[in-house]
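As a plain string of letters, each chain reads:
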Amino acid sequence: MTGRVIVITSGKGGVGKTTTSANIGTALAKAGQKVVLIDTDIGLRNLDLLLGLENRIVYTIIDVVEERCKLKQALVKDKKNPNLCLLAAAQTRDKSALSQEQLKEICDELKKDNDFIIVDCPAGIEQGFQNAISGATEAIIVTTPEMSAVRDADRIIGLLEAKEEIESYRLLLNRVRPNLIQSNDMMSVEDVVDILSCTLIGIIPEDTGVITSTNKGEPIVNDEKSLAGKAYQNVAKRIMGEEVDFIDLNEPRGIVEKVKKFFSGLLGKEQRA
Amino acid sequence: MIEIFNDLYKKLAGFFRPEEKENVKEVACNRLKLVLMQDRTNLTPQLLERMRGELIDLLSKYVEMDREALELNFAQEGDSMALMLSIPVLRAKDEAEIQAIIDAEEEAKSKEQNAKGEAEEIEEDFVPEDEEISEAYEEEVEETDEDLTEEIEEEVCACGTPEESEEEE
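Just so we're clear, the structure is a prediction, and the values are computed from it rather than from any experiment. (Residues numbered from 1 in each chain as written. Chains lettered and ligands numbered in written order. Predicted model: local features only at pLDDT ≥ 70, side-chain atom pairs only at ≥ 80, totals over all residues. Heavy atoms only, no water.)

Looking at the overall build of chain A
Part 1 of the argument: Along chain A, the regular secondary structure elements total twelve helices and eight strands.
Part 2 of the argument: Here chain A holds 273 residues, and 53% of them are scored as buried.
Part 3 of the argument: Accessible surface, chain A as shown: approximately 12600 Å² in total, 47% of it carbon and sulfur. (Helix = DSSP H or I, 4+ residues; strand = E, 2+ residues; numbered from the N terminus. Buried < 20%, exposed > 50% of the residue type's maximum accessible area, 1.4 Å probe, protein only. Areas by Shrake-Rupley, 256 points an atom, 1.4 Å probe, with all protein chains shown as cover.)

The structure is reproduced here in structure tokens:
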């Protein structure tokens with residue numbers, strides 16, 4: 001078995017790399033794939049929190065490269081899904097504790113008996129980023145429809161293009177707010193795709209459920225009713241090669257929205273007449 | 001009954017969404033497109049300033065213009081990027097003036113070439129011990145050029161850091 005190594009990156013911080021890693025990893029594992037999530041944000045680890053595994057970590061990736069334990073010992077199994085494992089970052093060290101070669105070696109080792117290795121990349125374009133992309137052949141660039149995030153994504157795309165090993169990269173647009181787009185207050189999905197000229201792999205709507213799910217330590221894909229969860233599930237399907245339509249975010253969902261649409265419909269008719 | 005609701009909705013909608021609202025999305029898109037163009041060209045503000053200076057020197061040969069008011073900007077022209085140059089012309093120079101400048105320039109060029117030729121000759125003549133002499137000659141001839149390249153390099157180094165930190169923000 002040779003697994004695929006996918007790096008989740010963004011340049012800008014706070015756009016949802018770690019949330020995306022946790023959700024894609026969980027969704028893939030739920031679909032029966034064997035998945036390892038690697039947190040490469042050494043010194044600022046958070047992937048363990050999002051998965052609710054913070055109390056189970058004994059060894060970290062730094063313990064593996066400094067040979068205090070075997071790679072298998074450092075893999076923490078998920079609470080619910082035995083297909084999903086986490087290789088945590090060390091919290092008390094910094095990015096220089098890991099080299100590109102070391103991470104590549106770990107990825108190559110994990111490829112042998114897993115379907116997917118998802119690498120959660122730290123923010124920035126320095127050593128941490130270079131480390132994270134070193135073992136990967138695919139990338140998912142996370143961005144939001146905000147100017148600073150899109151600008152940083154453009155820079156990341158430039159850097160990924162210069163890297164031969166990266167065979168493909170796709171864009172995940174996070175925290176999309178349809179009502180702001182409709183009122184022309186926010187860039188639309190099409191705008192961002194057009195500006196970055198990059199293929200889309202997912203559109204995730206802004207969802208307060210993401211905050212509560214993080215607080216509970218349970219990725220939102222586990223919540224069947226959540227729209228963001230569904231969107232992440234679709235991303236996982238697309239990664240596995242399925243063709244799935246993007247969710248129509250303009251459809252009214254809440255009661256307020258529906259009432260509003262009803263009245264604006266009436267209003268429209270009146271204006272036409 | 002429906003009319004009352006309609007009226008209420010109109011008022012509410014009017015309150016929350018004033019009629020003539022700025023299209024923030026368009027503003028964001030245009031600003032972003034422009035800034036990305038500049039990012040992608042690798043031209044730092046210092047290099048742009050330098051380009052501006054060189055253009056002024058070049059154009060001043062043909063027209064008299066307001067040096068301070070010359071503007072050099074990137075702009076969007078359909079799908080492609082354009083470098084927009086706005087030159088406030090004070091006065092057109094007459095033919096004789098222009099010709100004089102061109103002549104002077106050409107003279108300077110030929111002098112330079114002569115100097116270079118001499119330097120090469122010396123190099124050929126004294127192969128073993130000429131190093132210092134020819135170097136001195138070359139330095140003299142290429143002094144300006146070298147200074148320029150050094151300057152550019154310095155500028156590039158100097159702007160590397162602020163540019164990056166800007167992006168991180």
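Some points on the interface of chain A and chain B
You'll often see interface size given as the accessible area lost when the parts meet.
Part 1 of the argument: With 22 residues of chain A at the contact, the number on the chain B side is 22 residues.
Part 2 of the argument: With both chains or domains summed, chain A and chain B bury close to 2400 Å², and 57% of this area falls on carbon and sulfur atoms.
Part 3 of the argument: On the surface where chain A and chain B come into contact, there are three salt bridges.
Part 4 of the argument: Residues that form the side of chain A that touches chain B fall into these classes: eight nonpolar, four polar and ten charged. (Contact = heavy atoms within 4.5 Å. Buried area = accessible area lost by both parts, 1.4 Å probe. Salt bridge = Lys/Arg side-chain N within 4 Å of Asp/Glu carboxyl O. Nonpolar A, V, L, I, M, F, W, Y, C, P; charged D, E, K, R; others polar.)

Side note on helix H9 (residues 189-196) of chain A
Part 1 of the argument: Looking at H9(A), one finds that the buried residues are A:Val189, A:Asp191, A:Val192, A:Ile195 and A:Leu196. With its buried residues spanning 165° around the axis, H9(A) presents them on a single face. Exposed residues pointing more than 90 degrees away from the buried face of H9(A) are listed as A:Glu190 and A:Asp194.
Part 2 of the argument: In this structure, the buried side of H9(A) is in contact with strand E6 (138-143), helix H7 (147-161), strand E7 (168-176), helix H8 (178-182) and strand E8 (200-205) of chain A together with helix H2 (24-41) of chain B.
Part 3 of the argument: Just beyond H9(A), the residue with positive phi is A:Ser197, at close to 35°. (Arc of directions from axis to C-beta.)

A word on the packing of helix H1 (residues 17-30) of chain A against helix H11 (residues 227-239) of chain A
Residue and element names in this part refer to chain A.
Part 1 of the argument: The geometry of H1 relative to H11 is characterised by a closest axis approach of 9 Å and an angle of 65° between their N-to-C directions. For the crossing formed where H1 meets H11, the hand is right-handed. Contacts between H1 and H11 involve Thr 19, Thr 20, Asn 23, Ile 24, Ala 27, Leu 28 and Lys 30 on the former and, on the latter, Tyr 232, Gln 233, Val 235, Ala 236 and Ile 239. (Axes fitted to C-alpha atoms, helices over the stretch in contact; angles between N-to-C directions. Left-handed = near helix turned anticlockwise from the far one by under 90°.)

A closer look at the pairing of E7(A)
Residues and elements named next belong to chain A.
Part 1 of the argument: Note that E6 and E7 share six bridges and pair parallel. Among the inter-strand pairings, Ala 139 is bridged to a residue of E7, identified as Tyr 169.
Part 2 of the argument: With four bridges joining them, E7 and E8 adopt parallel strand pairing. In the strand pairing of E8, Leu 173 is matched with Ile 203. (Pairing = 2+ DSSP bridges.)

Remarks on the confidence of the model for chain B
Residues and elements named next belong to chain B.
Part 1 of the argument: Overall, the prediction assigns chain B a mean pLDDT of 70, with 64% of residues at 70 or greater.
Part 2 of the argument: At the low end of the mean pLDDT range in chain B sits helix H5 (residues 131-168), at 41; at the high end sits H2, at 87.
Part 3 of the argument: Overall, residues 127-169 carries pLDDT values under 50, and its contacts beyond four positions in sequence, including any with other chains, amount to 28 contacts. (pLDDT = per-residue confidence, 0-100.)

Thoughts on H1(A)
All names here are of chain A.
Part 1 of the argument: The end-to-end C-alpha distance of H1 is 20 Å, a good match for the 20 Å that 14 residues give at a rise of 1.5 Å each.
Part 2 of the argument: Summarising burial for H1: twelve of the 14 residues are buried, a large majority.
Part 3 of the argument: Restricting attention to buried positions, one finds in H1 the residues Lys 17, Thr 19, Thr 20, Ser 21, Ala 22, Asn 23, Ile 24, Gly 25, Thr 26, Ala 27, Leu 28 and Ala 29.
Part 4 of the argument: At the C-terminal side of H1, Gly 32 shows a positive phi close to 95°. (Expected span 1.5 Å × (residues − 1).)

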